[in-house]
Amino acid sequence: MIIREIKKEDNAKVKEIIQDSLKSLGLAVPGSAYFDPQLNDLYQYYNNLKHANYWVVELDGEVVGGIGIAPFSEQEKVCELQKLYLSPKAQGLGLSKKLMETALSFAPKHYEKCYLETMHELKTACILYEKFGFTLLQEPLPDSEHSAMDAWYLKNLN
């Protein structure tokens, strides 16, 4: 298992993992990451943002998932944990935990808080976020883009 920064040649595979995952959950709907325009070139998207990164995880030389950190509100020093997805064969191996550790070791270098949006029905993901110290919010932070999400979390990084 290797966790590394995304490369341009990873774009298609990561998009496929994200969209297949959302489709399988019935979340290929407007207001979810399924229709994010940056999915076509995540490498470019994250490289064009200040204090952002996207990491992929490889198993036996194949990209099987990833996670990102991007600015959410730079004035408030808040980042967003984004696009944590794994292909089905990579689930249950502890890779989400390793990806979270990678992203959350990067985030405090540039931010004071980390925000994320998900769905209550994604129980495994919600449990993971809570284990990492994220607190469930009553409503999304202002300027949230994913209107289909119904669970919002925030974590103090310092």
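Provided above is the structure to which this section pertains.
1. Considerations on the sheet that holds strand β6 (residues 135-137)
So, step 1. The strand order β1-β2-β3-β4-β5-β7-β6 describes an open sheet built from seven strands, whose pairing is mixed. Each having just a single partner strand, β1 (2-5) and β6 make up the two edges of the open sheet. The average angle at which neighbouring strand axes cross in this sheet is 30°, direction not considered.
So, step 2. Looking at chain direction, strand β3 (residues 62-73) and strand β4 (residues 78-86) are connected through seven bridges and run antiparallel. Each residue of the ladder has a partner; that of G66, found in β4, is Y85.

2. Let's talk about the environment of T124
So, step 1. Counting through the fold element by element, T124 comes out in helix α4 (residues 123-131).
So, step 2. Given a relative accessible area of 67%, T124 falls into the exposed group.

3. Describing α4
So, step 1. Among all positions of α4, only C126, L128 and Y129 are buried. Angularly, the buried residues of α4 cover 160° about the axis, an arc narrow enough to put them on a single face. Summarising the geometry of α4, the exposed residues directed more than 90 degrees from the buried face are K123, T124 and K131.
So, step 2. Its buried side turned inward, α4 meets β4, α3 (95-106), β5 (113-118) and β7 (151-156).

4. Describing the layout of surface pockets
So, step 1. The space that makes up the largest pocket amounts to roughly 920 Å³.
So, step 2. Around the largest pocket sit 37 residues that line it, and S21, L84, Y85, L86 and A125 are the ones nearest its centre.
So, step 3. Of the residues in the lining of the largest pocket, the class split is 17 nonpolar, twelve polar and eight charged.
So, step 4. Size it by volume and the second largest pocket reaches roughly 210 Å³.
So, step 5. Secondary-structure elements contributing two or more residues to the lining of the second largest pocket are β3 and β4.
So, step 6. Its residues assigned to classes, the lining of the second largest pocket comprises five nonpolar, three polar and six charged.

5. What to know about the environment of V14
So, step 1. For V14, the location among the structural elements is in helix α1 (residues 11-24).
So, step 2. Setting aside chain neighbours within four positions, we find V14 in contact with I6, L42, Y54, V56 and V63.

6. Considering the pairing of β3
In regular strands, side chains alternate between the two faces of the sheet.
So, step 1. Within β3, nine of the twelve residues are buried, which leaves the element mostly enclosed by the surrounding structure.
So, step 2. Direction of pairing for strand β2 (residues 53-59) relative to β3: antiparallel, over a ladder of seven bridges. Following the sheet pairing, V57 is matched in β3 by G65.

7. Brief notes about the side chain of S87
So, step 1. Within the fold, S87 resides in the loop between β4 and α3.
So, step 2. Taking the relative accessible area as the measure of exposure, S87 reaches 11% and is therefore buried.

The rules behind these values
- Residues numbered from 1 in each chain as written.
- Predicted model: local features only at pLDDT ≥ 70, side-chain atom pairs only at ≥ 80, totals over all residues.
- Heavy atoms only, no water.
- Pairing = 2+ DSSP bridges.
- Helix = DSSP H or I, 4+ residues; strand = E, 2+ residues; numbered from the N terminus.
- Axes fitted to C-alpha atoms, helices over the stretch in contact; angles between N-to-C directions.
- Buried < 20%, exposed > 50% of the residue type's maximum accessible area, 1.4 Å probe, protein only.
- Arc of directions from axis to C-beta.
- Contact = heavy atoms within 4.5 Å.
- 1 Å grid on protein atoms, 1.4 Å probe; cavity = no way out; pocket = protein on both sides within 12 Å on 5 of 7 lines; lining within 4 Å.
- Points joined across faces, edges and corners; volume = space filled by probe spheres on them.
- Nonpolar A, V, L, I, M, F, W, Y, C, P; charged D, E, K, R; others polar.

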